[in-house]
Amino acid sequence: MLVYLNGQYLPLEEARVPVEDRGFLFADGLYEVIRVYNGRIFALEPHLRRLADGLRALRIGFTGLDELGPIAERLLDENGLRSGDATIYIQVTRGAAPRAHAFPSPDVPPTVYVAARPFTPYPAAYYENGVKAITVPDTRWTRCDIKTVALIANVLANQQAKEAGAFEALFVRDGVVIEGSHSNLFAVFGDTLVTYPASNYILAGITRSIVLDIAAELGIPVRQGPILADQLFAAGELFLSGTTTEVMPVVQVDGRPIADGRPGPVTQRIQRAFRERI
Ligand code: PDD
């Protein structure tokens, strides 16, 4: 497997980052996960725009954004990934420097890592029958809109879900179900699709915006607002969206069924439309 690191293409085993990299010391960096369907990169531009927003927010002076698409394409070629499913992983950190909280002065070059690897999609049954979720307190910081590699709260939440036999952990903040550990959340109340507004409390998913687009196209009413934890079981449907998750029904939360415990018609319409887009 060939990866890209700081201007070089090299075997994964030979890719090395200094121990003083600020990604290692401070989680001072950003990442993107992008999906590849049948050898073709899906929704590259919005992912790169989000990365650009993150770089601006963290004041990381990386100027090579335009090269990332061609690098990803070359990695797909070099790794024989021009058919089937894959993911592109991009990580940019502030670079390596002796440990001090404030930015290195003078600036150091950012560390840039890109990998393309085969992706095994989740079982079809997850999409057809739905998955389970648990709720957990949202212990994250309040800039969840920045896709930093500081994912420990997400890691712990996702592990808790896994140990509970669930697919996803849903973060609850002040009585509101915000999003998943690695996906956004949608609920259907009556005929209306509800999802938490794009704000500092969620990562505004690329898949989330595609779902909103699809809903507009299909004439499904949308309200971007809170999903109250104590009204979760009044929802007719619940589903997750994400790059690897796609559009996945949630049929049980904390051991209790959502509606009749089966994926609902709105979710299924959106799933179909999403499949058509890819
Ligand atoms: N996670 N919310 C969180 C907290 C996420 O980590 C993700 C994505 C999403 C969905 O965003 P998108 O539709 O752009 O993938 C929402 C990626 C896939 C990950 O960490 O692996």
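Just above, that's the structure.
Below: a short report on this structure. Just so you know, these numbers come straight off a predicted model, no measurement behind them.

Next up on the list: the overall build of the chain. Helix and strand counts for the chain come out as seven helices and 16 strands. Since a compact globule built from 278 residues should have a radius of gyration of about 19 Å, the 19 Å found for the chain is in line with a globular shape. The dimensions of the chain, computed from C-alpha atoms along their principal axes, are 55 × 40 × 35 Å. Counting the 278 residues in the chain, one finds 51% classified as buried. The long-range fraction of contacts in the chain, counting pairs at least 24 apart against all pairs at least 6 apart in sequence, stands at 71%. In the structure as shown, the chain presents an accessible area of about 13,300 Å², 52% of it carried by carbon and sulfur atoms. Of the charged side chains in the chain, 27 are positive and 31 negative, and the gap between their average positions amounts to 2 Å.

What follows is about the environment of Pro-46. Mapped onto the secondary structure, Pro-46 falls in helix H2 (residues 44-58). Relative accessible area serves as the criterion here: at 23%, Pro-46 is assigned to the partly exposed category. Separated by 159 residues in the primary sequence, Pro-46 and Gly-205 have C-alpha atoms spaced 9.6 Å apart.

Let us now look at the site of the ligand. For the ligand, the set of nearby residues contains 18 residues, the closest of which are Tyr-31, Glu-179, Ile-206, Thr-207 and Thr-243. Separating an oxygen atom of the ligand from a side-chain N or O atom of Arg-50 is a distance of 2.9 Å. Calculation on the ligand without its partners gives an accessible area of 480 Å², and the protein chains cover 91% of this total. In terms of residue class, the shell around the ligand is made up of four nonpolar, 10 polar and four charged.

A word on the packing of helix H6 (residues 206-218) against helix H7 (residues 265-277). Angle between the axes and distance between the axes are the two parameters that describe a pair of packed helices. Contact pair H6 / H7: the axes reach a minimum separation of 10 Å and the direction vectors enclose 110°. By the criterion of interaxial angle, the relationship of H6 to H7 is roughly perpendicular. Residue-level inspection shows Thr-207, Ile-210, Val-211, Asp-213, Ile-214, Glu-217 and Leu-218 of H6 in contact with H7, the latter providing Arg-269, Ile-270, Ala-273, Phe-274 and Arg-277. In the contact of H6 with H7, the residues fall into seven nonpolar, one polar and four charged.

This paragraph deals with the sheet that holds strand E5 (residues 86-93). What the six strands build is an open sheet, ordered E2-E1-E6-E5-E3-E4; its pairing is antiparallel. Whereas interior strands pair on both sides, the edge strands pair on one side only; in this sheet they are strand E2 (8-11) and strand E4 (40-41). As paired strands, strand E3 (residues 29-37) and E4 are joined by two bridges and run antiparallel to one another. Each bridged residue has a counterpart across the sheet, and for Tyr-37 the counterpart in E4 is Arg-40. Packing of H2 onto the sheet brings it into contact with E3, E4 and E5, and relative to E3 it is tilted by some 180°. Strand contacts of helix H3 (residues 65-78): strand E1 (2-5), E2, E3, E4, E5 and strand E6 (111-118), with the helix running at about 40° to E6, the strand carrying the most contacts.

This brings us to the pairing of E5. Along any regular strand, the residues point their side chains to alternate faces of the sheet. In terms of residue burial, E5 counts as a mostly covered element, since seven of its eight residues are buried. Relative to E5, E3 runs antiparallel, the two sharing eight bridges. Along E5, the bridge assignment pairs Arg-35 with Thr-87. With eight bridges joining them, E5 and E6 adopt antiparallel strand pairing. The partner of Tyr-89 across the bridge, within E6, is Ala-115.

If you look at the biggest cluster of nonpolar residues, it comprises 28 residues, and the most contacted ones within it are Leu-55, Phe-62, Leu-68, Leu-76, Ile-88, Ile-90 and Val-114. Every element with two or more residues in this core is listed here: E3, H2, H3, E5 and E6.

Contact pair H2 / H3: the axes reach a minimum separation of 10 Å and the direction vectors enclose 140°. In terms of axis orientation, H2 runs oblique to H3. When you trace H2 past H3, the crossing you get is right-handed. Only Leu-65, Leu-68 and Gly-69 of H3 make contact with H2, whose side of the interface consists of Leu-44, Leu-48, Leu-51, Ala-52 and Leu-55. For the contact of H2 with H3, the per-class residue count stands at seven nonpolar, one polar and no charged.

Comment: phi is negative for the bulk of residues other than glycine, and the bulk of peptide bonds are trans. Cis geometry is found at the peptide bond from Ser-105 to Pro-106, where omega equals 0°. In this model, Arg-59 sits at a positive phi of 60°, which is unusual for a non-glycine residue. Considering the arrangement of structural elements, one finds Arg-59 in the loop between H2 and H3. You will see that Asp-174, though not glycine, has its phi angle at about 50°, which is positive. By the element assignment, Asp-174 lies in the loop between strand E8 (168-173) and strand E9 (176-180). A relative accessible area of 78% places Asp-174 in the exposed class.

About the criteria used
Residues numbered from 1 in each chain as written. Predicted model: local features only at pLDDT ≥ 70, side-chain atom pairs only at ≥ 80, totals over all residues. Heavy atoms only, no water. Helix = DSSP H or I, 4+ residues; strand = E, 2+ residues; numbered from the N terminus. Rg over C-alpha atoms; globule rule 2.2 N^0.38 Å. Buried < 20%, exposed > 50% of the residue type's maximum accessible area, 1.4 Å probe, protein only. Contact = heavy atoms within 4.5 Å. Areas by Shrake-Rupley, 256 points an atom, 1.4 Å probe, with all protein chains shown as cover. Lys, Arg positive; Asp, Glu negative; His and termini not counted. Charge placed at Lys NZ, Arg CZ, Asp CG, Glu CD. Near = heavy atom within 4 Å. Polar contact = N/O pair within 3.5 Å; in protein donor to acceptor, adjacent residues only side chain to side chain. Nonpolar A, V, L, I, M, F, W, Y, C, P; charged D, E, K, R; others polar. Axes fitted to C-alpha atoms, helices over the stretch in contact; angles between N-to-C directions. Parallel < 35°, antiparallel > 145°, perpendicular 65-115°, else oblique. Pairing = 2+ DSSP bridges. Core = buried A, V, L, I, M, F, W, Y, C linked by side-chain atoms within 4.5 Å. Left-handed = near helix turned anticlockwise from the far one by under 90°.

Limitation: the analysis is restricted to geometry and does not speak to function.
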